[in-house]
Amino acid sequence: MVNSAAPATGDFLNRYGSEEALYAEFTARARAGELAVQRCSDCSYLRWPPARACPQCWSGQWRWEPVSGAGTIWSVAVYERKYGSHRPVPYNVVLVELDAGPVMLSTVVGTPDLELAPGQRVVADLAGPGPGLAQLVFRRERP
Amino acid sequence: MIPDQPLATVLGVGTTAQGELPGLSPDEIAVDAALLALNDAGIDKSRIDGLVTCKAYGNFGIDTDIARLLGLNPAYSATLDYGTCNFSLHLATMAIQTGMASCVLLLYGTAQRSMGHDFSTPVATGVYGERDYGFLNIAGPAAMGMRRYMHDYGLTEEKLAAVAMTFRQNASLNPLAIRGKPMSLAEYLAEPYIVRPMRRPDICMVSDGGAGLIVCHPDLAQELSGRQQVHVVAMAQAGGQRSFQNPNQLNRPWIGTAAQRLRDRYGVTPEDIDVLYIQDPTSLWVLQMLEAYGFCGRGEAGDFIAGGRIGLGGELPVNTNGGQLAESYMWGWLHLCEAVRQLRGECGQRQVAGARVAQHCSTKAFDRAATSVLATW
């Protein structure tokens, strides 16, 4: 559930106690069906991952901005060895370049791992089964 | 062109047995390496006034602990959180250049295999949800970078095989090496994938071992030793800590700025290099460094490594020791020890005839890059 009391803009020293709170807000918004990332109020840089200050200009002023979940797979890795992950092998991990700009780590559901390839169009699905950020997954766009 | 003013001189190198060293702590292994390096340098420990150590798995490798074991109160000492060898060498060289120390002992010891380190952690900060998505171990990001490289440039798995096959071949002539058996293309292709498209021979092993170097002021080296001297003549680093906020991060075009610094600051270009060392946690590094440092053009590494060009006797021998894919996983330290031994002409069957200039390229995961040029004359 979106925390409606959370401010739409923030001052990184005071508004949130921790970076973890920003992640929690991101996932709460995702659960409510909104893919939102932080936009710097000073230099307009759209940032991912969550951070209290802008990595571009160091401003602490920012707002959540809903963005389109459409993007392109930059690349994909298919794990055949289980390195202590909670996920059963084989599984895929992708890096998605959102059309909006930010690059997100994720996984693609609904397509066999070995059919995934760089350049494929995907769209965010905000109801993934994973823990933490992994409730954000992607699906291939229908042609 | 190779600078004729050395920044520092490598007086000695030491390498312990590699593989499994049960019963020894990482710090004890580092002390073993110190003794070997001291013997090789032919000096007494009283000459050592600087110590640079490298943090090892399990919170070992701290300079204060190791200095105590060595019985040293060095004028200068430091521990690098990621002392993959170039970074340690650069710090020692800076200490020498500023006069903070005149003779620095550099050490790394690890018992990560005996201690059961499974490397099931994200390689970077973890802020992208790496644990949530299972993006663990260096093999994951390396595989992702390799897949993109294949997509961009048409590299095939058959061509990629040349990296691991070459290093296995080199390792077969290196008594220190753990994977010292040559590997055919068919054998490579029969190996299981770890993270597609990377197979087991593309990923470095987990091993115990130690290595040490003694690096001193060039004037002091002349005074202390009459042997063939190997100098540090150029060094540079580059940063990519902004991670996926950098374009094309897993293929790291920013490493090219280190090559640019070598050229601008020291006049060193690829044509100067006789033998090349690339720290190789995975085979991807070899392709990336060959291109970033200008040994071939962007996207050309797959063709460049074909036909024996990077093998012993080739135009540009790479990792004559076998590297981390075949010798041992020592964060690039063994690459540097091998470079010194090659320039001294001590490498027997795997000696590159007439090698006078060596370059070592390494990284800290996907975050930083460093390179050093060693020369003898």
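No experiment lies behind these values; they were computed from the predicted model shown.

Basis of the calculations
Residues numbered from 1 in each chain as written. Chains lettered and ligands numbered in written order. Predicted model: local features only at pLDDT ≥ 70, side-chain atom pairs only at ≥ 80, totals over all residues. Helix = DSSP H or I, 4+ residues; strand = E, 2+ residues; numbered from the N terminus. Buried ≥ 20, exposed ≤ 12 C-beta atoms within 10 Å, placed from the backbone. Contact = placed C-beta atoms within 7 Å. Rg over C-alpha atoms; globule rule 2.2 N^0.38 Å. Pairing = 2+ DSSP bridges. Axes fitted to C-alpha atoms, helices over the stretch in contact; angles between N-to-C directions. Expected span 1.5 Å × (residues − 1). Nonpolar A, V, L, I, M, F, W, Y, C, P; charged D, E, K, R; others polar. Domains from an automatic or database assignment.

Q: I'm lost on the overall build of chain A in this one. Help?
A: The helix and strand tally for chain A stands at one helix and nine strands. In chain A, the succession of α and β elements from N to C terminus is β-α-β-β-β-β-β-β-β-β. Burial statistics for chain A: of 143 residues in total, 34% are counted as buried. Contacts in chain A between residues at least 24 apart in sequence constitute 50% of all its contacts with a sequence separation of at least 6.

Q: Help me understand the overall build of chain B in this model?
A: Helix and strand counts for chain B stand at 13 helices and eleven strands. Its C-alpha atoms give chain B a radius of gyration of 19 Å, within 12% of the compact-globule value 21 Å for 377 residues. Taking the principal axes of the C-alpha coordinates as reference, chain B spans close to 55 × 45 × 40 Å. For chain B, the proportion of its 377 residues judged to be buried stands at 58%. In chain B, 76% of the contacts between residues at least 6 apart in sequence involve partners at least 24 apart.

Q: Teacher, can you tell me more about the sheet that holds strand S10 (residues 357-364) of chain B here?
A: All names here are of chain B. One open sheet accounts for nine strands, arranged S3-S2-S4-S7-S1-S8-S11-S10-S9; its pairing is mixed. Only two strands of the sheet have a single neighbouring strand rather than two, namely strand S3 (76-80) and strand S9 (275-278). The sheet shows a mean angle of 25° between the axes of neighbouring strands, direction not considered. In terms of strand pairing, strand S1 (residues 8-15) meets strand S8 (residues 230-239) through three bridges, oriented antiparallel. Bridge pairing in S8 links alanine 8 to valine 232. Here helix H2 (residues 63-70) sits on the sheet and contacts strand S2 (50-54), S3 and strand S4 (103-110); the angle it forms with S2, its principal contact strand, is near 125°. Helix H9 (residues 256-266) rests against S8 and strand S11 (368-375) of the sheet, and its axis sits at about 135° to S8.

Q: Can you walk me through helix H1 (residues 26-41) of chain B in this structure?
A: Every α-helix carries 3.6 residues per turn, so stepping three or four residues along brings you back to the same face. All names here are of chain B. Given a rise of 1.5 Å per residue, 16 residues ought to cover 22 Å, and the 22 Å separating the end C-alpha atoms of H1 matches this to within 8%. Of all 16 residues in H1, twelve are buried, a share of seventy percent or more. Burial in H1 covers these residues: Pro26, Asp27, Ile29, Ala30, Val31, Asp32, Ala33, Ala34, Ala37, Leu38, Asp40 and Ala41. With its phi angle positive at about 70°, glycine 42 sits one or two positions after the end of H1.

Q: Looking at this structure, I do not really get the interface of chain A and chain B. What am I missing?
A: Interface size is often expressed as the accessible area that is lost when the parts come together. With 29 residues of chain A at the interface, the matching set in chain B holds 29 residues. Elements with a minimum of two residues in the side of chain A that touches chain B: strand S5 (70-79), strand S6 (91-98) and strand S7 (103-106) of chain A. Its residues placed into classes, the side of chain A that touches chain B shows 18 nonpolar, eight polar and three charged. When S5(A) meets strand S5 (residues 193-196) of chain B, the two strands line up antiparallel, connected through two bridges. Paired with Tyr79(A) across the strands is Val195(B), a residue of S5(B).

Q: What should I look at first to understand the domain arrangement of chain A in this one?
A: All names here are of chain A. Here the domain parsing of chain A yields domain 1 (9-66) and domain 2 (70-140). For domain 1 and domain 2, the distance between their C-alpha centroids amounts to 22 Å. The interface of domain 1 with domain 2 comprises eight residues on the first partner and ten residues on the second. Per-element tally for the side of domain 1 that touches domain 2: the top contributor is helix H1 (residues 19-31), with three residues. Residues of the side of domain 1 that touches domain 2, tallied by class, amount to five nonpolar, two polar and one charged.

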